[in-house]
Structure formats: structure tokens, C-alpha cells
Amino acid sequence: MVGVTAVVGSIDTVRAPAEVRRARILGLVYISLALLVYFVFSVGTDGDVTFRFGESPGDLDWTVSSSLLATVVAVIFGFLGGIQLTRGFGSKTNIILGLAMGVFAFAFLGWAGAGKSIGIVGILVTTVAAATPIAFGALSGVMCERVAVINIGIEGMLLTGAFTGAVVGTVASPFLGVIGATLAGGVMALGLAVLAIRYRVDQIIAGVVINIFALGITSFVSSQVLVENRAALNSPGVLGPIRIPLLADIPVVGRILFQQNIFVYVLYTMVVVLSYLLFRTRWGLRSRSVGEHPKAADTLGINVFRTRYRNVFYGGLIAGFGGAYFTLGSVGAFNENMTAGRGFIGLAAMIFGRWHPVGALAAALVFGFADSLQIRLSILDVGIPSEFLLMAPYLVTIIVVAGVVGAARPPAADGQPYVKE
Amino acid sequence: MTEETTTKETPPPSKRPRWLEVIAPRQVDWVTLLVIPILAVLSALIVGAAVIVFTDGFGAVLPAYSALLRGAFGGWQSISETLLASAPLILAGLAVALGFQAGLFNIGAEGQMTIGGLTAVMVGFSFDGLPLLVHLPLAVIAGLLGGALWGFIPGLLRAKTGAHEVITTIMLNFIAFRTLDYVLKLPFIQKEGRFDPVSKDVLDSATYPSILQWLPIENPGRLRLHLGFFVALAVAWFVYWLLYRSTIGFEFRAVGANPSAAKYGGMGVASTIIFVMAVSGALAGMAGANETLGVVGRGVPGFTAQIGFDAIALALLGRSHPGGVVLASILFGALRAGGRTMQAQSDVGIDLIVVVQALIIVFVAAPELVRAIFRVRGGKKQGQVTRGWSA
């Protein structure tokens, strides 16, 4: 399509007014949230809420009047809205937005849990767990899109990983299950790479193909074979949490970050390693140059096709590993379509995180928090129908993507096949 | 898909008789339109056979495929079932195809169907005493509007904030499913005496009437084909007219082909995006109404039966052209109807159909792959259909 290059080319001139408008919209969002928090959460709410930061009741409690808390939060939001409308936060917009969401959640919890006590630690432990597969999906996306291959197929790669992890994990061992899941994700990614790089299929369509194919094949085999042989093929068990000595003893934080399962620790490591590799090594520079300006990279002797194949494959490995979390790290068995859109949320996290591993992790935590909050609120029974609570992660995703996507700049050649002349 | 203008040479008009030019015009790229899709379907069926060999052994292939064929075209009832299944596929396929024509990828047909089917049911069980001629169109329009609303939201987000429709429509799918679960349990919607999410039954005056009862065969009551199939065909014709014969349709395709040029040509790109998504959602909403008013007769969770996702395959297979979508939908309808017979009469489960359909998309989406396997020459290269995050 001729249009793509033209639009990408003209973006720098079009950007400024769009950014101004976006900042203005975001400012109005802050102001309306301030009004919402004040009139819904503060006015007419009685009673105190107790936030428990410790392991057991009475240990590190913080009791506050729900209505006072909401008023303070409303003032903060009004303040943020004012700044956003007048001068804007520039490059810190996303970080501020993320923090603001956390503050909003506080006010919301204060309102929902008025007269009750809420275990913050429990919520945050679940947040990290729920964020893990989303973060792996997002890292997989970062890996692929840094070399300008859009990966919509993350969902399918997670699902294949979950499936293979369950089967291999039962037949062989959970450890081999993780390895198998990783490789399965890689195989799916090679499929994407061949379609997108060799055959120059529209990358978004190629990714959707991967998703439909993964859903079809895992559901087919699951219903043909797994259902009848559940014990022999689909009961791998769960890899339990591991306590990291010393670090786990840090109050509050230790319980949240360092008593998780192996997937979470691999995630921390991978975020650090990937950030270093992408931005501090020759490999990273070459990868990024292929994503920004493949022709220049090619001229300088970098093999564009090989770099793309390799990085997309690595991205698939990451997603496959993350997929194993669903079966080996959380549920303990494979169910049809068990990823339920987590791959797409990961994609949104990648955009929210500005194509950076650390940003992707932070964004995944925001989505994980929405997920965790939803679970906690359905236990608390706050009078919101469970169906609406279940919508929360998806709603948050839409809001985030609508709020920041235009402000974030993808790799310049993202989504365009490379044709060597 | 959007490059009709780049035909290589104009054929000398005197060489070919006029009637041949009408039946088989030379400008039409037959390789892209017919040869590759047919080869893609063939390849998918062959790979599907390999999957059967893998799970059920070599002997299972022939019984499975012959049951598939029997269930799809073997007799009046099979044909009725095939066309019955193709009606919602046509409508949903058109929804996605319309989006592709404007450079938008609507993966949300499933959610738009869900909401459209739900609003159609709500009108369908209310208003007792209306005649069919009033009540049925009213219910269908309700479905259309419900779907349009669910398509309007991602269109608005895309036009005003740049949020990519691929992500927002998928998220709206999940939100639609939860909304359905919730609404079906509301006291004035839930069927009396039930505690699970099931709506009241659609009244007879809002049900698509069956149309094959006159056939001189034994027990014609089993033929479930209803008026919705012809409604779908009429809508397909309308979409063709809209896209290729109206100014609005020209703007749709112009925005799809080159948004910058469309903008400098004085077209409102943002408003076109919103309008396309709303119309696309409306088509999917009609598909949902077709299911709830014609087949299921009430609202239940999951009544959309993945039709909204098949729609993506249909739009690709039909090359985003309404006529192509109709043909592709009849093929997929045959696969759905035949798949049920295959499940009942052989050892192979109906999920194989999903695998075959996924393979069809792989081959259709990658024409270069088919060209390489079958050594097909000629035809145009496929351009890019969707846009990345920033455009």
C-alpha cells in the first residue's frame, strides 16, 4: 500500500497539534476523575477503611476515613489535571498516568471497602502473578517490533506454550515442560517470521492467522485427546513459589516480590538483561537500526532478513515461556482458550511501555493490578456485579491504549516488509 | 486489494467478442480472485487430511471427508443446513471486508454480533401483538443498531485518539461477552423460572420465517433455512453498491488506499473511519440478529459460535469483495454443516473444521506460498491491507 510510507513520512509535521489535543483530553480526563472521586467516593461515604500492609491483622495497619481519603485523591487529580491542561508532563506523561491510576485505585478501594479492612499485600502478590504472562507477552512484542515486525500472534504463542507446557510437563517433567513450551512458542514465531518476512504477508493478518491456528489446533487436540486422558496427558502440577533467602525477609516488599514462582524471577532477570542487550550492546544497536531504518542498516552490511528472523524467533521463545505460566505456574492444567486475551493485553502493555522492556514490565503491572483488584473485589462482595469486575482488565486496556498510544512512537519501519533492491 | 487502477495494459477491444468480455472480462485478475483461493482451500483440505492421519490413522480420512461432503451437499436437508449456516457468515464477512476496504481491521465482529443479537432479542420478545411485517424488521434494525454502537466505539477511539482498532475491538469482544452474561440475568430479560443466563423466547412475529416448507419431499419441516439467507444476499448486494457505485464507498476505499491523499482530496478521514466502523459493526450486528431471531430463538451465552472470527477468513478468502465474501461464506457454511455430519458419522471431531479454516487463511493470506507450491504465475502481488500502530 502506497499510503503507509506517505503517512509515516508526514507524521512529524502532523504530530504537534495531535499531541496538544491528546494532552488536553488527558487533562479533562483527570478533571472528570477528580469530580467522580469526590462526588461518588467521598460524598455520602461513611466509615473508615483499614489497609493492611502486614502479613496478619494488626500488623502495619493504616486506618483512614474513606471520605477523607477520597477528598485528598480528588484534590490530587484536580491538581494533575490543571498541570496537564496548562503545561503538560512531556515525556513523563505515561509514568504520571500509571501512578495516578494507582492513586485512583486507592480511593476506589477506600470507597468499596468502607467499614472493612483490605489486605494490600495480598492484592499486590496477585498483581505480580497476574502481570507475569502479560509482561512476557509484552517482552515478546518488544523483541519483534524493535526489528519492525508487528507481532499480533503473541496470544497464539502464549496459548501454544500453555498447551505444550501442560502436555510435556505431564509426560516428562515440569522442567522439560517449560523447555517444550518455550520451543513451541519459537516454532509459532518462525511461522510468523516466514509469513511476514519471506512471503511479505501483511503482518497484522499473519499474526491473526497464528492466533486462529493456535486456537484451532490446541482446541482440536485438547478435545480429541486431552479430555479423555486427563491424568496421563494434562495434569502437570504447578511449580510452587520459591523463597529467595534474605530478600524475602524485607518487610512487605519481600513478601510481594521474592516469594513467587520461577517464572517471576526469570521475568525480572529477562527485563534487566533485555534492556541491557537492546540499548548497550552491538546486537541491540543492530536490531534497533533494522527496526528504524532497514535500508540504512542493510547498506552498512547488517543482514536485515537474518536479524528479523532471529529476533522474531527469540520473541516467540519468550512468549512460549510466558505461556507455560498459565499451565505450569498457575492453573495446573490446560483449558481451551485459557489465555483469554492476555496476549493482546501484553501488546497494549508493550505500547504503553514505549517499546522498552522496563516500560513493558511497568505497564504489565498496571494491567495485573486491574486483574488482581477484580479478583479481590469479587471476594469482598462490594455490590458490583461480577461480570463488570471481570471487564476491568479489558476496560483498563482500552483506556490506556486510547490515552497514550498516539504519544508513543513505534520503531519507524514497524509493520513494513523489507524488500531488498 | 485496493489497486484496481494498476492494470498493466488495456486489451485491444476488437480481438475478443463482446459476450466473452461480459462473462470473463480480461481486466479481472483471475489468478488472484479464483485460482489462488481455490488452491488455498485444496491445500488446506490436504493438510487437514494429514492432521486426521496423525490423530486417527490413515483409514479415517476417506470416511471423514465423504461424511463432510454428504453433510454439506448430499440432499435438500444438507443444502438447507449449508445455506442456513452461510447467512450469518455472509453478514459478518461483509463487516470485516468493509473494514479492510477502508484500511481498518475489525476483529470485533464477534463482539458486535453479541451486542446486536442481544438487542435484537430484546425487541424480539417485547411488543406482543405486532404483525410479522413490522416486528421482524424492527428487531433486525435493533440488532443493526446494537452492532453499530459496538463498532462506533473503536471507530471513535481510532479517529480521535489513534488507539489501534485491532486492540480495542478485541477488548470490546471480551466486554461484550461479559455484558451478555450480565444482561441475560436481568429480571425483565431472563426467562421465567430459569436461573442460568437465558433470555425469554423471541416471539413468532419476530422470528425469521422458514422458506423451504413448500418443497415436495418427505417431512419438509426439517428444512431450517429461513428468510435471513436472502436478507444476507440483499445486504451483500447493497454493500457492493455502497462500495463501488456510491460516493461514500469511494471515500471508504480512498481512505483505505491512501489516507493522506484522501485528506488532501478534501475527504474527512476521521469521520470516514468512524462511519466505516459503525457500518461494519451494523453488518455484524445483523449477523447476530440472524442467529438469535432465526436459529437460536433466544439469547444464550456463546450464541455467536465463533462466526465473528471466521469472518476474518471470509473477508480474506473473498478478497474483501462482497461477491467473493458470499461465495466464501457458502463454502464455510458447507464446512460447518458438513462438519456436524462428520462428527456424527465418523471418528473425527468437528474441531478439525477450525484447523482447516485456519489453514485456509494461512494459504490465502500468503498467496506467495501458494504460488510457490503450485508454481502459479501471473496475477498481481498483494498489497498491505492493515496499518501499523502509528499511521
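Residues numbered from 1 in each chain as written. Chains lettered and ligands numbered in written order. Predicted model: local features only at pLDDT ≥ 70, side-chain atom pairs only at ≥ 80, totals over all residues.

Draft legend 1. Quick look at the overall build of chain A. If you tally the helices and strands in chain A, you get 16 helices and three strands. In terms of overall dimensions, chain A is globule-like: its C-alpha atoms have a radius of gyration of 23 Å, near the 22 Å expected for 421 residues. Summarising its shape, the C-alpha atoms of chain A cover approximately 70 × 60 × 40 Å along the three principal directions. Among the 421 residues that make up chain A, the fraction classed as buried is 52%. Restricting to contacts in chain A with at least 6 residues of sequence separation, those with at least 24 account for 78%. (Helix = DSSP H or I, 4+ residues; strand = E, 2+ residues; numbered from the N terminus. Rg over C-alpha atoms; globule rule 2.2 N^0.38 Å. Buried ≥ 20, exposed ≤ 12 C-beta atoms within 10 Å, placed from the backbone. Contact = placed C-beta atoms within 7 Å.)

Draft legend 2. Looking closely at the overall build of chain B. Across its full length, chain B carries 15 helices and zero strands. For 391 residues, the compact-globule estimate of 2.2 N^0.38 gives 21 Å, and chain B sits close to it at 22 Å. Referenced to the eigenvectors of the C-alpha coordinate spread, the extents of chain B come out at roughly 70 × 60 × 40 Å. Put simply, chain B has 391 residues, and 55% of those count as buried.

Draft legend 3. Summary view of the packing of helix H6 (residues 132-161) of chain B against helix H7 (residues 165-183) of chain B. All names here are of chain B. The contact between H6 and H7 brings their axes to 10 Å, and the two run at 150°. Where H6 crosses over H7, the two elements pack in a sense that is right-handed. Contacts from Trp150, Ile153, Pro154, Leu157 and Arg158 of H6 reach H7 at Glu165, Thr168, Thr169, Leu172 and Ala176. Here the residues of the contact of H6 with H7 are counted per class, giving six nonpolar, two polar and two charged. (Axes fitted to C-alpha atoms, helices over the stretch in contact; angles between N-to-C directions. Left-handed = near helix turned anticlockwise from the far one by under 90°. Nonpolar A, V, L, I, M, F, W, Y, C, P; charged D, E, K, R; others polar.)

Draft legend 4. Highlighting the domain arrangement of chain A. All names here are of chain A. Under the domain assignment, chain A is made up of domain 1 (1-115) and domain 2 (120-407). Centre-to-centre, using C-alpha coordinates, domain 1 lies 27 Å away from domain 2. In this assembly, 16 residues from domain 1 lie in contact with 17 residues from domain 2. Those elements giving two or more residues to the side of domain 1 that touches domain 2 turn out to be helix H1 (2-42), strand E1 (48-52) and helix H3 (93-112). The dominant element in the side of domain 1 that touches domain 2, judged by the number of residues it contributes, is H3, at seven residues. (Domains from an automatic or database assignment.)

Draft legend 5. Structural detail: helix H2 (residues 66-86) of chain A. Residues and elements named next belong to chain A. Compared with an ideal rise of 1.5 Å per residue, which puts 21 residues at 30 Å, H2 spans 31 Å between its outermost C-alpha atoms and is within 8% of the ideal. All buried positions along H2 are accounted for by Ser66, Ser67, Leu69, Ala70, Val73, Ala74, Phe77, Leu80, Gly81 and Gln84. All buried residues of H2 project into a common sector of 145° when viewed along the axis, lining one side. In H2, the exposed positions that point more than 90 degrees away from the buried face belong to Phe79 and Thr86. At the exit of H2 stands Gly88, carrying a positive phi of roughly 80°. (Expected span 1.5 Å × (residues − 1). Arc of directions from axis to C-beta.)

Draft legend 6. Main features of the pairing of E1(A). Residues and elements named next belong to chain A. Of the two faces of E1, the one holding Val49 and Phe51 is buried and the one holding Asp48, Thr50 and Arg52 is not buried anywhere. Of the pairings in the sheet, the one linking E1 to strand E2 (residues 61-65) comprises five bridges and is antiparallel in character. By the bridge assignment for E2, Val49 is matched with Val64. (Pairing = 2+ DSSP bridges.)

Draft legend 7. Just the sheet that holds E1(A), in detail. Residues and elements named next belong to chain A. Taken in spatial order, the three strands make up an open sheet running E2-E1-E3, and their pairing is mixed. Each end of this open sheet is capped by a strand with a single partner; those strands are E2 and strand E3 (117-119). For this sheet, the mean inter-axis angle between neighbouring strands, taken without regard to orientation, is 20°. Pairing geometry for E1 and E3, over three bridges, is parallel. If you follow Arg52 over to E3, its bridge partner there is Gly119.

Draft legend 8. Representation of helix H13 (residues 304-331) of chain A within the structure. Residue and element names in this part refer to chain A. The first and last C-alpha atoms of H13 sit 40 Å apart over 28 residues, in line with the 40 Å expected at 1.5 Å per residue. Remark: the principal bend of H13, roughly 35°, maps to Tyr325. Phi turns positive, to about 90°, at Gly332, one or two residues after H13. (Bend = angle between axes of the 7 residues up to and from the residue.)

Draft legend 9. Quick look at the nonpolar core. One finds Val209(A), Ala349(A) and Leu91(B) to be the most contacted residues of the largest nonpolar core, which totals 256 residues. In this structure, this core is formed jointly by two domains, domain 1 (1-115) and domain 2 (120-407) of chain A, each of which donates at least three residues. Setting aside its immediate chain neighbours within four residues, Ala349(A) contacts Ile134(A), Ala135(A), Ala138(A), Ala360(A), Ala363(A), Ala364(A) and Phe367(A). (Core = buried A, V, L, I, M, F, W, Y, C linked by C-beta atoms within 7 Å.)

Draft legend 10. Up close: the environment of Val238(A). All names here are of chain A. Tracing the chain through its elements places Val238 in the loop between helix H8 (230-233) and helix H9 (253-257). The exposure class of Val238 is partly exposed, given the 15 C-beta atoms found within 10 Å. Between the alpha carbons of Val238 and Asn261 there is a distance of 9.4 Å; along the sequence they are 23 residues apart. Other than its neighbours up to four places away in sequence, Val238 contacts Leu328, Gly329, Ser330 and Gly332.

Draft legend 11. Region of the structure containing unusual backbone geometry. All names here are of chain A. Backbone geometry places Ala148, a non-glycine residue, at a positive phi of 70°. On the secondary structure map, Ala148 appears in the loop between helix H4 (120-145) and helix H5 (154-171). The residue Asn337 is not glycine, and still its phi comes out positive at about 50°. Positionally, Asn337 belongs in the loop between H13 and helix H14 (342-352). According to the C-beta neighbour criterion, Asn337 is partly exposed, with 14 such atoms within 10 Å.

Draft legend 12. Quick peek at the confidence of the model for chain B. All names here are of chain B. When the pLDDT values of chain B are averaged, the result is 86; 90% of them are 70 or greater. The secondary structure element of chain B with the lowest average pLDDT is helix H1 (residues 18-23), at 67, and the one with the highest is helix H5 (residues 109-125), at 96. Here residues 1-7 scores under 50 on pLDDT; set against residues more than four positions off or in separate chains, the count is 13 contacts. Note on the complex model: pTM 0.84, ipTM 0.84. (pLDDT = per-residue confidence, 0-100.)

Draft legend 13. Looking closely at the packing of H4(A) against H14(A). Residue and element names in this part refer to chain A. Contact geometry for H4 and H14: axes closest at 7 Å, N-to-C directions at 60°. Put simply, H4 runs oblique to H14. With respect to the hand of their crossing, H4 and H14 are arranged in right-handed fashion. Between H4 and H14, the residues in contact are Pro133, Ile134, Ala135, Gly137, Ala138, Gly141, Val142 and Glu145 and Arg342, Gly343, Ile345, Gly346, Leu347, Ala349 and Met350, respectively. (Parallel < 35°, antiparallel > 145°, perpendicular 65-115°, else oblique.)

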